[in-house]
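Examining the three-dimensional arrangement
Here are the chains, one letter per residue:
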Amino acid sequence: MSLLIENLKKSYRQPDGTPVPVLDIERFEMRGGEQAVLLGSSGCGKTTLLNVIAGIRSPDSGQVLIDNVDVSRLSEPARDRFRAERIGFVFQTFNLLPAFTALENVLLGMSFSGGKSDRSRATELLSRVGLSHRLGNKPAQLSVGERQRVAVARALANSPSLMLADEPTANVDSANQQNVLELIRSACGEQNVTLLLVTHAPAVAEQFDRVEKLVDFNKAAAPLGAAV
Ligand SMILES: Nc1ncnc2c1ncn2[C@@H]1O[C@H](COP(=O)(O)OP(=O)(O)OP(=O)(O)O)[C@@H](O)[C@H]1O
């Protein structure tokens, strides 16, 4: 799935109403199946960019074209459907449903996207992230790193065309960091999924051929960074 961002602007409002520009991106492009890492200091807008690409937040202006579809111009239900069917998202905060087990969270990821709940695929994904012994645990009964691995399995469950991963290895130990990373990269590689992955970890970044620093292509980042 190709991704093309053009003339994208996004700002937030401070409590006093003053706008704070966070994103000002003239052009950013990814080819279908490409895998890139996105680096940037804390607060420079990485999560905001992933949210805008996924249609979770709307840009103030500009376009995000995913396979030539401008997500921000879709109606809300169409945008939700597009996201559920085509985009896998590993959130920094995991967003697991607390009342459901690890296995059910992955199965729900499949059913939201309109796909069939495939128990054996869900179980296989969870065992690939090293959680075959935790299928029946609810998020509160899992460690933070285990929750993150469930979130990775869920994001892969609907066979997305674009995978957005926000620090998916931040809370796992180094052995599991490599497992999680390899799972994401190999699953994306096998299915030609375009992958944009945010990380602060040099050991993760150095494994990617394409490494993008948000500050290099985001005109809003420089003055903000300079003010810190
Ligand atoms: N809902 C919001 N309202 C106002 N400001 C916000 C909001 N969300 C984020 N911000 C601000 O926008 C900037 C970018 O935030 P964002 O979460 O995109 O950064 P980030 O690069 O992902 O940071 P980190 O690496 O710490 O996760 C930050 O300065 C943040 O304080």
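The structure presented is a predicted model; accordingly, all values stated were derived computationally and were not measured. (Residues numbered from 1 in each chain as written. Predicted model: local features only at pLDDT ≥ 70, side-chain atom pairs only at ≥ 80, totals over all residues.)

**Considering the overall build of the chain**
- The secondary structure content of the chain amounts to nine helices and nine strands.
- The C-alpha radius of gyration of the chain comes to 17 Å, within 12% of the 17 Å expected for a compact globule of 228 residues.
- Across its three principal axes, the chain shows a C-alpha extent of roughly 50 × 40 × 40 Å.
- A total of 228 residues make up the chain; the buried ones form 40% of that total.
- Sequence-distant contacts, at least 24 apart, represent 71% of the contacts inside the chain between residues at least 6 apart. (Helix = DSSP H or I, 4+ residues; strand = E, 2+ residues; numbered from the N terminus. Rg over C-alpha atoms; globule rule 2.2 N^0.38 Å. Buried ≥ 20, exposed ≤ 12 C-beta atoms within 10 Å, placed from the backbone. Contact = placed C-beta atoms within 7 Å.)

**So, the pairing of strand 8 (residues 194–198)**
- Counting buried residues along strand 8, five of its five residues qualify, which places the element largely inside the surrounding structure.
- Taken together, the four bridges between strand 3 (residues 35–39) and strand 8 define a ladder with parallel strand orientation. Paired with Leu38 across the strands is Val198, a residue of strand 8.
- At this point the chain moves from strand 7 (residues 162–166), through helix 6 (residues 174–190), to the parallel strand 8, and the crossover so formed is right-handed. (Pairing = 2+ DSSP bridges. Right-handed = clockwise from strand over helix to strand, strands pointing away.)

**A word on the environment of Met163**
- Mapped onto the elements of the fold, Met163 is located in strand 7.
- Along the chain, Met163 and Ser132 lie 31 residues apart, while their C-alpha atoms are 23 Å from each other.
- Residues contacting Met163, with those up to four places away along its chain left out, are Gly88, Ala155, Ile184, Cys188, Val193 and Leu195.

**Here we look at helix 4 (residues 119–128)**
- Taken residue by residue, helix 4 has Ala122, Leu125 and Leu126 as its buried positions. Angularly, the buried residues of helix 4 cover 95° about the axis, an arc narrow enough to put them on a single face.
- Where helix 4 ends, the next residue or the one after it, Gly130, has phi of about 80°, a positive value. (Arc of directions from axis to C-beta.)

**Considering the sheet that holds strand 1 (residues 3–13)**
- Within the open sheet, the four strands sit side by side as 2-1-4-5. Their pairing is antiparallel. Strand pairing shows two members of the sheet lacking a second neighbour, strand 2 (19–30) and strand 5 (69–70), which therefore form its edges.
- In this structure, strand 1 lies alongside strand 4 (residues 61–66), joined through five bridges in antiparallel fashion. Along strand 4, the bridge assignment pairs Leu3 with Ile66.

**A short note on the site of the ligand**
- As a matter of local geometry, the ligand sits amid Tyr12, Val22, Gly40, Ser42, Gly43, Cys44, Gly45, Lys46, Thr47 and Thr48.
- No other element matches helix 1 (residues 46–53), which puts three residues into the shell around the ligand.
- Of the residues belonging to the shell around the ligand, the class tally is three nonpolar, six polar and one charged. (Near = placed C-beta within 6 Å. Nonpolar A, V, L, I, M, F, W, Y, C, P; charged D, E, K, R; others polar.)

**Examining the nonpolar core**
- One finds Val106, Leu126, Val152, Ala153, Met163, Leu164 and Ile184 to be the most contacted residues of the largest nonpolar core, which totals 62 residues.
- The element contributing the most residues to this core is helix 5 (residues 144–157), with seven residues.
- Ignoring any residue separated from it by four or fewer positions in sequence, one finds Val152 in contact with Val90, Val129, Pro168, Val180, Leu183 and Ile184. (Core = buried A, V, L, I, M, F, W, Y, C linked by C-beta atoms within 7 Å.)

**Some thoughts on the confidence of the model for the chain**
- With 95% of its residues at a pLDDT of at least 70, the chain reaches an overall mean of 90.
- Scored below 50 in pLDDT, residues 224–228 shows four contacts in the model against residues more than four places distant or in partner chains.
- Overall fold confidence for the complex sits at a pTM of 0.90, while the interface term, ipTM, reaches 0.97. (pLDDT = per-residue confidence, 0-100.)

**As for the packing of helix 5 against helix 6**
- Interhelical geometry of helix 5 versus helix 6 gives an angle of 5° and a closest axis separation of 11 Å. Looking at the two axes, helix 5 sits roughly parallel to helix 6. In this structure, helix 5 contributes Gly145, Arg149, Val152 and Leu156 to the contact, and helix 6 contributes Asn176, Val180, Leu183, Ile184 and Ala187.
- Of the residues belonging to the contact of helix 5 with helix 6, the class tally is six nonpolar, two polar and one charged. (Axes fitted to C-alpha atoms, helices over the stretch in contact; angles between N-to-C directions. Parallel < 35°, antiparallel > 145°, perpendicular 65-115°, else oblique.)

**Concerning the sheet that holds strand 8**
- One open sheet holds the five strands; their spatial order is 6-7-8-3-9, and the pairing between them is parallel. This sheet does not close on itself; its edge strands, each paired only once, are strand 6 (87–90) and strand 9 (210–213). The sheet shows a mean angle of 15° between the axes of neighbouring strands, direction not considered.
- Examined bridge by bridge, strand 7 and strand 8 share five bridges and lie parallel to one another.

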